Amino acid sequence: MNVMANVLHTQLGIAPESSEAAVLQLLIELGAQVVGAAEGSLLVHDPGGKDLVFAMTVGGGTGLIGKRVPLGQGLTGLAAATREVQIGAPTFQIGQSPESRAAQRQPQAVIAAPMLADDELIGVLTAVCFDDSKRFGAQDGDLYGRLACVAGLVVHQRQQLAALQAANGASENAKSIAGSVARLSASNPDALARVARLLLEIEGLVGPTPGPAGQGAALSRPLRSPRSG
Amino acid sequence: MARDMARALEEQLDAQMAGPLQTVDVAILDSGIDATHPDLASRVTKAYGAELDHGRYQMVEREPGSHDAFGHGTAVASIIARMAPNARLVDYAILGRDNTGAGAALVAALAHAVDAGHRVINMSLAAKGEFATQLHPLCETAYRRGIVIVAAKRNMPLSDQGFPAEFTSVVSVDRAKFATPDELRYVPGKVIEFVGHGDDVVVAAPGGMHTTKTGTSFATPAVAGIVAKLLGAYPELRPFQVKTALHALSQP
């Protein structure tokens, strides 16, 4: 599994070849194209590491995939911390020429928009430009806010579906066990006491079952009703 | 008739705000302030940081200094400092690097700022809807005590416009691009009543630097700066009178 696929699967519970991954990629491409950004990216929130991880990029920056950004750093971290769209530019000293600022090869204009699900942070969508004459405006920020909302919804729906499937699978297994016990009871009632003891022993041996490996963050989140405001 | 009255009031306000102004304390609930920045020299008189104590946030006083995890509060403070020379800034740092507890810390900071009686409270941060029930009584108390809370509309297009900006007891602010930072627009009948200049604003950044910012976060201190000047000229104004004056100062 490559780095991007691993980040998507581990942090969001999304398979790299899934339609959800394709929609996320499309949103990053669309956003970057509409606002005229040189690069766009999607960073996912890793609550364990208290940081953000680059999961997808467009327009270059593939070397960033898997790189981590602390939550308390820069405009991306600020968007995550405030749950707000942040639009900005790099810092400069009063009197510094635009040429020398551009020569630093730092992003000259940045948008960072948080992806949220029920106000929980999922990740951040970003757009950057290196051209000093380029500035992102409020309309660009509004667009990114909307795209981030859609991206958050895509991930949240995927996670809810996974949780429902897990619950449904558990229910099917329980039905199967109950059916087996019922058939045994009908054909050999004397064996029921032994079956009960065996089940108790199995329960003691197995204990509480953890979720599927690598999907803890996605599946351990409880299902919630839609946000009422 | 109403327009004539507003114009007369606007002229009177402009004349009064151009004269000597009384000092007004402006609390800034944000990511902290880099008080060492040249743009803010001697302007930050008090500083508090949010600290967890037995599961509850407490505001702990500390020396004003370089306290800003993100640069957001420093940017906000520099707009108020520039617009209102009579503003004495009070730093309430509630947004830390650990990215936790922002809503609960915001509530604790607002309670402290209202209790301290700072005449203007700038909130360029919005809390989640779940904190609305805690914020509402604090805003009502502030209103009754003559404290003007200036709060930003949420930038994200979610189901609410941000709290406390949705409460009528506060001066709620959206952003637009105006020719000058002291321009205002009043939007009758909307949840967010005022629009301030918040596009491509040059602001202070930690470490003696500058940057440009866009958003409601930076329109809000522009309005808070006007409020601080109003209260410096007319200290007896109550919050509803401040809104009337802001209306008079707004573009038609």
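Residues numbered from 1 in each chain as written. Chains lettered and ligands numbered in written order. Predicted model: local features only at pLDDT ≥ 70, side-chain atom pairs only at ≥ 80, totals over all residues.

## Let's talk about the overall build of chain A
And step 1. For chain A, the count of helices and strands is seven helices and six strands.
And step 2. Overall, chain A shows an N-to-C arrangement of helices and strands of α-α-β-β-β-α-β-α-β-β-α-α-α.
And step 3. Here chain A, with 229 residues, has 37% of them falling under the buried criterion.
And step 4. Contacts in chain A between residues at least 24 apart in sequence constitute 57% of all its contacts with a sequence separation of at least 6. (Helix = DSSP H or I, 4+ residues; strand = E, 2+ residues; numbered from the N terminus. Buried ≥ 20, exposed ≤ 12 C-beta atoms within 10 Å, placed from the backbone. Contact = placed C-beta atoms within 7 Å.)

## Section: the sheet that holds strand 1 (residues 24-30) of chain B
All names here are of chain B.
And step 1. Strand order across the open sheet formed by nine strands is 4-3-6-1-7-8-9-11-10, with mixed pairing between neighbours. Strand pairing shows two members of the sheet lacking a second neighbour, strand 4 (56-62) and strand 10 (184-186), which therefore form its edges. Strand-to-strand twist across the sheet, computed as the mean angle between neighbouring axes with direction ignored, equals 25°.
And step 2. Relative to strand 6 (residues 87-93), strand 1 is paired through seven bridges, and the arrangement is parallel. Looking at the pairing, Val26 lines up with Leu89 of strand 6.
And step 3. Relative to the sheet, helix 6 (residues 239-249) contacts strand 8 (148-152), strand 9 (171-176), strand 10 and strand 11 (194-197), its axis offset from that of strand 10 by approximately 110°. (Pairing = 2+ DSSP bridges. Axes fitted to C-alpha atoms, helices over the stretch in contact; angles between N-to-C directions.)

## Thoughts on the packing of helix 2 (residues 19-35) of chain A against helix 5 (residues 138-187) of chain A
Residues and elements named next belong to chain A.
And step 1. Where helix 2 meets helix 5, the axes come as close as 10 Å, and the angle between the chain directions of the two elements is 180°. Relative to helix 5, the element helix 2 lies roughly antiparallel. Residue-level inspection shows Glu20, Val23, Leu24, Leu27, Leu30, Gly31, Val34 and Val35 of helix 2 in contact with helix 5, the latter providing Asp140, Leu143, Tyr144, Leu147, Val150, Ala151, Val154 and Arg158.
And step 2. Each residue belonging to the contact of helix 2 with helix 5 can be placed in one class, and the counts come to twelve nonpolar, one polar and three charged. (Parallel < 35°, antiparallel > 145°, perpendicular 65-115°, else oblique. Nonpolar A, V, L, I, M, F, W, Y, C, P; charged D, E, K, R; others polar.)

## Topic: the interface of chain A and chain B
And step 1. Listed as interface residues are 31 residues of chain A and, on the opposing side, 28 residues of chain B.
And step 2. Of all elements in the fold, only helix 3 (74-82), strand 4 (86-88) and helix 5 of chain A reach the threshold of two or more residues within the side of chain A that touches chain B.
And step 3. Looking at the side of chain A that touches chain B residue by residue, the class counts come to 13 nonpolar, eleven polar and seven charged.

## Here we look at the confidence of the model for chain A
And step 1. Confidence in the prediction of chain A, expressed as mean pLDDT, is 80, and 85% of residues score 70 or more.
And step 2. Segment residues 211-229 of chain A: pLDDT under 50, and 27 contacts once partners within four positions in sequence are set aside and those in other chains are kept. (pLDDT = per-residue confidence, 0-100.)

## What to know about the sheet that holds strand 2 (residues 51-58) of chain A
The strands making up a sheet associate through backbone hydrogen bonding, with each pair oriented either parallel or antiparallel.
And step 1. Strands sit in the order 3(A)-2(A)-1(A)-6(A)-5(A)-4(A)-13(B)-12(B) across an open sheet of eight strands; the sheet is antiparallel. Either end of the sheet is taken by a strand with one partner, and the two such strands are strand 3 (68-70) of chain A together with strand 12 (201-205) of chain B. When strand polarity is set aside, the average angle formed by the axes of neighbouring strands in this sheet is 30°.

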